[in-house]
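Structural overview for review
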Amino acid sequence: MSLSRLPRLVRTASFGLAVLYAAVLAVSVIIIGAIVYWALEISLERQTTERIDADIGLLKEELRAEGDSELIEEVQRRSDVLGLEYLLLDAKGTRIAGTMPVLSPALGWSTVELSTNRSGAGSSRTLHIHSVELDNGMRLSVADDYGSIEDMRRAWIEAAGWCLIAFLLLSVAGGLLLSRRFLRRVDTIRITAESIIRGDLESRIPLHGTNDNFDRLSLTLNQMLDRIQALMEGLRYMSNHIAHALRTPLGRLQQKLEAARKTALGNPSYETALENMQQEMEGILSTFSALLRISKIEAGARQSGFSEVDLSALLTTVCDAYSAAAEERGKVIGADIAPSLWTLGDKELLTEAMANLFDNAIKHTPAGAHISVSLYRDRSSIVASIADDGLGVPPETRDLIFERFYRLDRSANTEGTGLGLAFVAAVAGLHGSELSASDNSPGLRIELRFDVAKPPNMLPTALLRAYKADRVRYGHPSPHLEKHPSQRPQRKPVRLPI
Amino acid sequence: MRVLFIEDDLETANYVVDGLRRSGHVADHAADGQDGLLRGLSGCYEIIIVDRMLPTLDGLRIVKTLRSAGVDAPVLFLTALAEIDDRVEGLEGGGDDYLTKPFAFSELMARISVLGRRPRMTTVETILRVADLEMDLIARRVRRGGAIINLQPREFQLLEYLMRNAGRVVTRTMLLEKVWEFHFDPKTKIVESQISRLRAKLAKDSQPELIHTVRGFGYVIKPPS
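Quick look at the structure, then.

Cut-offs applied
Residues numbered from 1 in each chain as written. Chains lettered and ligands numbered in written order. Predicted model: local features only at pLDDT ≥ 70, side-chain atom pairs only at ≥ 80, totals over all residues. Buried ≥ 20, exposed ≤ 12 C-beta atoms within 10 Å, placed from the backbone. Helix = DSSP H or I, 4+ residues; strand = E, 2+ residues; numbered from the N terminus. Pairing = 2+ DSSP bridges. Contact = placed C-beta atoms within 7 Å. Nonpolar A, V, L, I, M, F, W, Y, C, P; charged D, E, K, R; others polar. Axes fitted to C-alpha atoms, helices over the stretch in contact; angles between N-to-C directions. Parallel < 35°, antiparallel > 145°, perpendicular 65-115°, else oblique. Left-handed = near helix turned anticlockwise from the far one by under 90°.

Some words on the pairing of strand β3 (residues 47-51) of chain B
All names here are of chain B. Of all five residues making up β3, five are buried, and the element is well covered by its neighbours. Every second residue of β3 is oriented toward a common face, with Ile 47, Ile 49 and Asp 51 on one face and Ile 48 and Val 50 on the other, all of them buried. By the bridge criterion, four bridges tie strand β1 (residues 2-6) to β3 in an arrangement that is parallel. Looking at the pairing, Leu 4 lines up with Ile 48 of β3.

Structure representation (structure tokens):
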């Protein structure tokens, strides 16, 4: 367990519970300990009393059987041998025998405290004394030193203290251990959730087969994930199907229009009408293709086609391609592209995304606008930016421009499908790069930031699983579903013959 | 030209075959992969058009088999979606060009006419000529009527492609693919703009136009009529 994990461990609910449990147990232990202690003390005191009484009984018996002298002798003997203290006084209160340091104890039970050394400093002793009048007028006192009970009490408290400390340590350790187990299972759930967020919809929480609360929770979550996946796949399946199903008849319609246009030659109004219809048809078809492609890119299925891409060369090519068109519309493109900046990515998609940004800048700026393109390295990222000095986009709608079909009111009459920037956003997402729109004061600046240090995350195994699921669900081959990338050969640059 | 069209969608097939015949080609149709392969193996076609998705035998397999059997007629793939990987797979599998469905017949015709002359390209051309326009591919120099014309690299590539296919219509899409390597619709009229720049350079001394626009379709370079 690393130190950095410790605070997190301590913060878990299970650890809190363990601490609470330990505290409750500790209180119980203290109470039980007190009861035991109390009982023990009572029993010790009773033992002392009984011992003293038994001794007195014995000595009385001695007196009755043997007489005074024998009693005195016996007391003397006992004082030398046993742990008890004795005192035998005559009727006048003079010591006849015994070593008890108390001179005239009261009759019956009494407790006398006395200091052991004369100066009064140091430890004191407590004597538990029983004094009785004997038949011959003498007074016999037998005492026991309470010190032994005190010692036992001290030893007991000490032992109980150590036990309590050990007990607390054990319960905290147990709590930590429990929370670690708890954490490990929570972590597997978190890891699964994270991989799903990254696009691996096939990921599931592993079960332990114990059918405990965790297993049941995991099972429920897995079932929920199954359901979500089924819904998502259903949606993808449906939209692909709609687009695919409509593309075929629309394609035929396009062919028919083309054929009709040939026969309409010579009738200018028909010809124009058919030409317009054909253009509309192309627009519809290209919108469908754009939609299908965006959803495919968003599905993340193309990352396996990634290779090292020279962003500088790519941006230069696109910039060059659009400069003539921009000039024709009275706009100037200024480029400041740092050489040899490479990133891992899909060359064709990046080219198209960049092209869309140029197209956007050219279409949505007034004549005379200046469009500046730059590519530079900023610490661990490469930034491609396209900025214009046109009318810009109001701050509140700046994030909306990357949504599908979103168009600014003033662009309603500009040609375009409203999917160009959505495509850029999808490509940016695929590359794990950050796309942002900001104020160029005046105008709009769109920035695409590629994190060079962090390659896009997508596990090929996850893709393979997703592909297998597709094949099971839809059968294969299916024209409308993307092939699994791992089945495709690695793309090599192919130059078409000129 | 004898054309073999392997396609399972009958409506598209009829439309294309009919169109090809009208344009003076001899066109045969095969409705599934096996039939297509058998016909293709006969070796009597000058161009083969294959759909990627076919029943019984897919287009890529057919072309690979044809190529290994020594059939070297140019092959044009038809793909359902503009999928880069499908396209590259097709070209690596022995295809010469591809076209995304749905397509305009005129686009298909333009590609067929460009593909149909490819076998003769085995002789290495170093100088391309159209009327008084001359392109030296080795010196990378262009002259018109003896005067040197300075072209940007992209303009040179564009003119080269047009001149290699002199007399044949090339479409906007073909130019985008072959000159810019853009396999998508750039939306802005970048081809048109580049062509008008090129035209301006070629006709500096107000010589007659060589690059002709075929309306709503493409361009052709040919001597002035």
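Some remarks on the interface of chain B and chain A
Between chain B and chain A, the contact holds 38 residues from the first and 37 residues from the second. Those elements that provide at least two residues to the side of chain B that touches chain A are α1 (10-22), α4 (84-92), α5 (105-116), α6 (153-164), α7 (172-180) and α8 (190-202) of chain B. A per-element tally of the side of chain B that touches chain A places α4(B) first, with six residues. Among the residues making up the side of chain B that touches chain A, the classes are represented as 17 nonpolar, seven polar and 14 charged.

Topic: the sheet that holds strand β7 (residues 332-337) of chain A
All names here are of chain A. Pairing is mixed in the open sheet, where five strands are placed in the order β7-β9-β10-β12-β11. Looking along the sheet, the strands with just one partner apiece sit at the ends: β7 and β11 (434-439). Direction aside, the axes of adjacent strands within the sheet are offset by 15 degrees on average. Judged from the eight bridges that link them, strand β9 (residues 370-378) and strand β10 (residues 381-388) form a sheet pairing that is antiparallel. Residue pairing across strands places Tyr 376 opposite Val 383, the latter belonging to β10. Here helix α7 (residues 311-328) sits on the sheet and contacts β7, β9 and β10; the angle it forms with β7, its principal contact strand, is near 170 degrees.

Here we look at the packing of helix α2 (residues 33-41) of chain B against helix α3 (residues 59-68) of chain B
Residue and element names in this part refer to chain B. With their axes 10 Å apart at the nearest point, α2 and α3 run at an angle of 20 degrees to one another. With respect to α3, the element α2 is oriented roughly parallel. For the pair α2 and α3, the sense of crossing is right-handed. Residues Gly 33, Gly 36, Leu 37, Gly 40 and Leu 41 of α2 form the contact with α3, whose participating residues are Ile 62, Thr 65 and Leu 66. Considered class by class, the residues forming the contact of α2 with α3 number four nonpolar, four polar and no charged.

A short note on unusual backbone geometry
With an omega of -5 degrees, the peptide bond running from A:Ser441 to A:Pro442 counts as cis. Its place among the elements puts A:Pro442 in the loop between β11 and β12 (444-451). Across the junction of B:Lys101 and B:Pro102, the peptide omega takes the value -10 degrees, indicating a cis bond. One can find B:Pro102 in the loop between β5 (97-100) and α5. Although it is not a glycine, A:Arg379 sits at a positive phi angle of roughly 50 degrees. On the secondary structure map, A:Arg379 appears in the loop between β9 and β10. A tally of 9 C-beta atoms within 10 Å means that A:Arg379 is categorised as exposed. With a phi angle near 45 degrees, B:Ser206 is a residue other than glycine that sits in the positive phi range. Considering the arrangement of structural elements, one finds B:Ser206 in the loop between α8 and β11 (211-214).

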